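Residue-level structure breakdown
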Number of protein chains: 4
Amino acid sequence: MGSKNLGIDERLFDHIVGTAEDMPFYTLLGVSISAVGPGYAELSVTTRRDHANPLGTVHGGLLLTMADGAMGNAIRSLGMIGVTVDCSTAMISPTPFGEKIVAQGRVLKAGRNMIFAESKVFAGEKLLADTRGTFYKTSDIDYRNQG
Amino acid sequence: MGSKNLGIDERLFDHIVGTAEDMPFYTLLGVSISAVGPGYAELSVTTRRDHANPLGTVHGGLLLTMADGAMGNAIRSLGMIGVTVDCSTAMISPTPFGEKIVAQGRVLKAGRNMIFAESKVFAGEKLLADTRGTFYKTSDIDYRNQG
Amino acid sequence: MGSKNLGIDERLFDHIVGTAEDMPFYTLLGVSISAVGPGYAELSVTTRRDHANPLGTVHGGLLLTMADGAMGNAIRSLGMIGVTVDCSTAMISPTPFGEKIVAQGRVLKAGRNMIFAESKVFAGEKLLADTRGTFYKTSDIDYRNQG
Amino acid sequence: MGSKNLGIDERLFDHIVGTAEDMPFYTLLGVSISAVGPGYAELSVTTRRDHANPLGTVHGGLLLTMADGAMGNAIRSLGMIGVTVDCSTAMISPTPFGEKIVAQGRVLKAGRNMIFAESKVFAGEKLLADTRGTFYKTSDIDYRNQG
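First things first, this report covers the structure right here in the doc.

Definitions and limits used
- Residues numbered from 1 in each chain as written.
- Chains lettered and ligands numbered in written order.
- Predicted model: local features only at pLDDT ≥ 70, side-chain atom pairs only at ≥ 80, totals over all residues.
- Heavy atoms only, no water.
- Contact = heavy atoms within 4.5 Å.
- Buried area = accessible area lost by both parts, 1.4 Å probe.
- Salt bridge = Lys/Arg side-chain N within 4 Å of Asp/Glu carboxyl O.
- Polar contact = N/O pair within 3.5 Å; in protein donor to acceptor, adjacent residues only side chain to side chain.
- Core = buried A, V, L, I, M, F, W, Y, C linked by side-chain atoms within 4.5 Å.
- Buried < 20%, exposed > 50% of the residue type's maximum accessible area, 1.4 Å probe, protein only.
- Least-squares fit on C-alpha atoms with pLDDT ≥ 70 in both.
- Helix = DSSP H or I, 4+ residues; strand = E, 2+ residues; numbered from the N terminus.
- Expected span 1.5 Å × (residues − 1).

**Some words on the interface of chain D and chain B**
Each partner contributes residues to the interface: chain D has eight residues there, and chain B has eight residues. Surface buried jointly by chain D and chain B totals about 720 Å² across both partners, of which 51% is contributed by carbon and sulfur atoms. When the buried area of chain D at its contact with chain B is split by residue, Val 85, Asp 86 and Tyr 136 of chain D rank highest and sum to 52% of it. Counting across the interface, chain D meets chain B through two salt bridges. Notably, a salt bridge pairs Arg 132 of chain D with Asp 86 of chain B, separated by 3.2 Å at the nearest N-O pair. The interface formed by chain D and chain B contains six residue pairs in polar contact (both at pLDDT 80 or more).

Here you go:
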């Protein structure tokens, strides 16, 4: 429970965490935001039986969603909004049930128009998925004048 | 409702549709299998408010999940099971709410070990996402002796 | 020899073919542009011993280069210049020596900022590589007032 | 000149460097292997005018080739041969002429059949390209009985 601020403006942190908590798709999947730092964000989920694929392991779609979301929030940590243009994932290990899964998103470069990021999804020390994402910067987040 | 058989063995078709209907993650997301043919499969969903991302459009994770699943089922239509190794998606247009979205998966080549597939996700005529996927063949489906 | 115009403005066609013929990297590799149509371009090469990788087949880098170039020229056929942002390739079959290899590039969608394309590389009927590329539109080609 | 051994068996190192030095495609492009360590390899090139694309910068194909090769050699450093199945690259910054470019390849996971790797291409400190690659393991390198 609770999300850690690893060093960004407190108003921006509150904005990002609030947005994630209100997000219907995360609620549906049980995904929450566990940490945000400069150019970095972490999403977490405890895998459930209703995340299953036909092979009886966790559906890759859950990991793809977390990877995409972790990168999107890592971009938000820089005060920007980026929409996903491209998302490429290697599925490295099968994902077990009932375990805490963490997606770490990192911005590699935030250019004027294009933002490049990566995400690694872990179960403990075990690397489950490795993602590279490209985003188009649409706007800045106006967090300074909120609330 | 109902899934179309576009030309595969009826027992294999029943196996694939039955497996998809029993699949917890599809049930959670509202995704169903709408058609299966030789080297081809189609998943459908009507987008809902609980598929939303923070920008107020449908979360890309839903499309990534459908693309992955459409390819996986296209592989099943050939009587094989493949696990996703690599999945790369271009997000071409934002996805609206309350619309029927269809992911079409096609096998490009089924080799001895590696299977290559692609998926295109549409809302009507509009291309939303284009995916390339690589799969590792783990086994054949033993559908002939079922039931 | 010679490049086919499959239906674009003759001045634009001459501009694209001339640019490709003057291009040092294509000359080094022996790559030429064999056809250009609306949203479409084809690059060709006859594979040589100096394209070899350590396994004694053609180095994947040649196919990656042709795929990237075929998409770039397909974008040019629409009168636009796009720089590669993302390029994702499945290597489907090994590439033999001494054969004519053709990369077909197609634009999937040309948006205001982002352009999405795909490329398939063939040796005859055999699919060697399948690529998805994302490009950022930098400018239009000013071919109407040229020489 | 010369290639650094960062900690692998000397016979394997000699085998890898010898193979790279004899490789026609590297010779054509001016690419050499500058370092090999456990699960790691580095390719280098000084960019030349004949690496140019139509925009007057270095053709992305050179970077795609180096990224692919750096990952392939990183796999060789573990005594294995892998063929490229999938290669996905973000082109982050344009590549200048006359500069030393280094591609660093790293193995993320070497499974029984599939090997996952990544590569980052730099000009000095500047990240030019970020690649994720998937490889199929075909054999082990029999370096112990060579020479």
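Text resumes after the structure shown.
**Thoughts on the nonpolar core**
A general feature of soluble globular proteins is that nonpolar side chains tend to end up buried together. Core analysis: the largest hydrophobic core is formed by 90 residues, its most contacted members being Leu 62 of chain C together with Leu 62 of chain D. Residue contacts for Leu 62 of chain C: discarding those within four places in its chain leaves Leu 29, Val 31, Val 45, Thr 47 and His 51 of chain C together with Phe 25 of chain D. Counting 88 residues, the second-largest nonpolar core is a separate cluster that includes Ile 33 of chain A together with Val 36, Leu 43 and Ala 52 of chain B.

**With respect to the relation of the copies chain A and chain B**
Once turned by 180 degrees and shifted 0.0 Å along the axis, chain A lies on chain B with an RMSD of 0.0 Å. Classification of the inter-copy transformation places it as that of a two-fold axis. For chain A, the minimum C-alpha distance to the rotation axis belongs to Ser 88 of chain A and amounts to 2.0 Å. The overlap is high: 100% of the interface residues of chain A also sit at the interface in chain B, so the same surface is used on both sides.

**Things to note about helix 3 (residues 60-76) of chain D**
One full turn of an α-helix is made of 3.6 residues, so residues set three or four places apart face in the same direction. Spanning 17 residues, helix 3 of chain D covers 24 Å between terminal C-alpha atoms, matching the ideal 24 Å at 1.5 Å per step. Most of helix 3 of chain D is tucked away, with 17 of its 17 residues classed as buried.

**Things to note about the side chain of His 51 of chain D**
Within the fold, His 51 of chain D resides in the loop between strand 3 (40-46) and helix 3. A polar contact is formed between the side chain of His 51 of chain D and the backbone nitrogen of Arg 48 of chain D, at a distance of 2.9 Å. Those residues in contact with His 51 of chain D, other than ones at most four positions away along the chain, are Phe 25 and Leu 28 of chain C together with Leu 29, Val 45, Thr 46, Thr 57, Val 58, His 59, Leu 62 and Phe 97 of chain D.

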